Amino acid sequence: MANDTLQGLFEIVKARKAQPEEGSYTCYLFDKGLDKILKKCGEECSETIIAAKNMDNAETVNEICDLFYHLLVLMAQQGIELSEVEAVLEERRKKIGNLKQFHQTNKES
Ligand SMILES: N=c1c2ncn([C@@H]3O[C@H](COP(=O)(O)OP(=O)(O)OP(=O)(O)O)[C@@H](O)[C@H]3O)c2ncn1[C@@H]1O[C@H](COP(=O)(O)O)[C@@H](O)[C@H]1O
């Protein structure tokens, strides 16, 4: 579900890059270029931290959505596919499982 939502948004972001559209905020970011996109990622990250420190979950969720969106714009800008991120996460998931098993085995012996 979350995967489909991110994938759907990413498809729109990539479509904006391929075919600029009037009034599109995404196109505005691509026009400005990498430095602007990186600045926005930094800002949204800071705003997420502030919202979380304020214990405001509704605001934190909003800021996480802004951050996800800007990260997807960054990925499109750099030619990174969502499948590359998923593949790394999937590899890590396997490794974490192995590590737990390793600690468990060591404790028992
Ligand atoms: N998910 C988002 C999304 N999240 C955040 N934002 C924009 O990110 C900006 C963040 O707000 P800020 O106040 O930090 O920035 P700002 O002052 O508006 O802009 P800057 O001058 O600082 O760049 C807002 O303008 C939001 O509208 C988004 N803009 C677009 N999308 C989605 O992207 C898709 C394409 O949108 P368009 O490119 O606008 O057609 C649509 O499906 C949208 O839902």
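Going by the annotation in an unreviewed UniProt entry, the name recorded for the chain is Phosphoribosyl-ATP pyrophosphatase, with Acetanaerobacterium elongatum given as the source organism.

**Some details on a nonpolar patch on the surface**
A cluster of nonpolar side chains, contributed by I64, F68 and L71, occupies part of the molecular surface with about 230 Å² of accessible area. As for its placement among the helices and strands, F68 is situated in helix 4 (residues 57-78). Judged by its relative accessible area of 43%, F68 falls in the partly exposed class.

**Observations regarding the domain arrangement of the chain**
Splitting the chain by domain gives domain 1 (2-78) and domain 2 (81-109). Residue-level contacts link 7 residues of domain 1 with 4 residues of domain 2. Taken over both partners, the interface formed by domain 1 and domain 2 buries close to 440 Å², and the fraction arising from carbon and sulfur atoms is 60%. Across the domain 1-domain 2 interface, the total number found is 1 salt bridge. Of the charged contacts in the structure, one is a salt bridge between E81 and K14, with a shortest N-O distance of 2.9 Å. For the pair domain 1 and domain 2, the interface holds 1 residue pair in polar contact (both at pLDDT 80 or more). Elements with a contribution of two residues or more to the side of domain 1 that touches domain 2: helix 1 (2-18) and helix 4. Examining the composition of the side of domain 1 that touches domain 2, we find that 5 residues originate from one element, helix 1, more than from any other. Grouping the amino acids of the side of domain 1 that touches domain 2 by side-chain chemistry returns 4 nonpolar, 2 polar and 1 charged.

**A short note on the environment of T48**
Relative to the helices and strands, T48 resides in helix 3 (residues 34-53). For the pair T48 and G8, spaced 40 residues apart in sequence, the C-alpha to C-alpha distance is 23 Å. Those residues within four positions of T48 in sequence are excluded, and the remaining contacts are T60, E63, I64 and L67. Of the polar contacts made by the side chain of T48, one reaches the backbone oxygen of E44; its length is 2.8 Å. Within the local environment of T48, its side chain forms a polar contact with the backbone oxygen of E63, the two atoms lying 3.4 Å apart.

**Overview of the nonpolar core**
With 13 residues, the main nonpolar core has F10, V13, F30, I37 and V73 as its most contacted residues. Going through the elements one at a time, helix 1, helix 2 (25-32), helix 3 and helix 4 are the ones with two or more residues in this core. In terms of residue count, helix 4 provides more of this core than any other element does, 6 residues in total. When sequence neighbours within four positions are dropped, the list of residues in contact with F10 reads L72, M75, A76, I80, E81 and L82.

About the criteria used
Residues numbered from 1 in each chain as written. Predicted model: local features only at pLDDT ≥ 70, side-chain atom pairs only at ≥ 80, totals over all residues. Heavy atoms only, no water. Patch = residues over 30% accessible without salt bridge, like charges linked within 9 Å, V, L, I, M, F, W, Y side chains within 5 Å. Areas by Shrake-Rupley, 256 points an atom, 1.4 Å probe, with all protein chains shown as cover. Salt bridge = Lys/Arg side-chain N within 4 Å of Asp/Glu carboxyl O. Helix = DSSP H or I, 4+ residues; strand = E, 2+ residues; numbered from the N terminus. Buried < 20%, exposed > 50% of the residue type's maximum accessible area, 1.4 Å probe, protein only. Domains from an automatic or database assignment. Contact = heavy atoms within 4.5 Å. Buried area = accessible area lost by both parts, 1.4 Å probe. Polar contact = N/O pair within 3.5 Å; in protein donor to acceptor, adjacent residues only side chain to side chain. Nonpolar A, V, L, I, M, F, W, Y, C, P; charged D, E, K, R; others polar. Core = buried A, V, L, I, M, F, W, Y, C linked by side-chain atoms within 4.5 Å.

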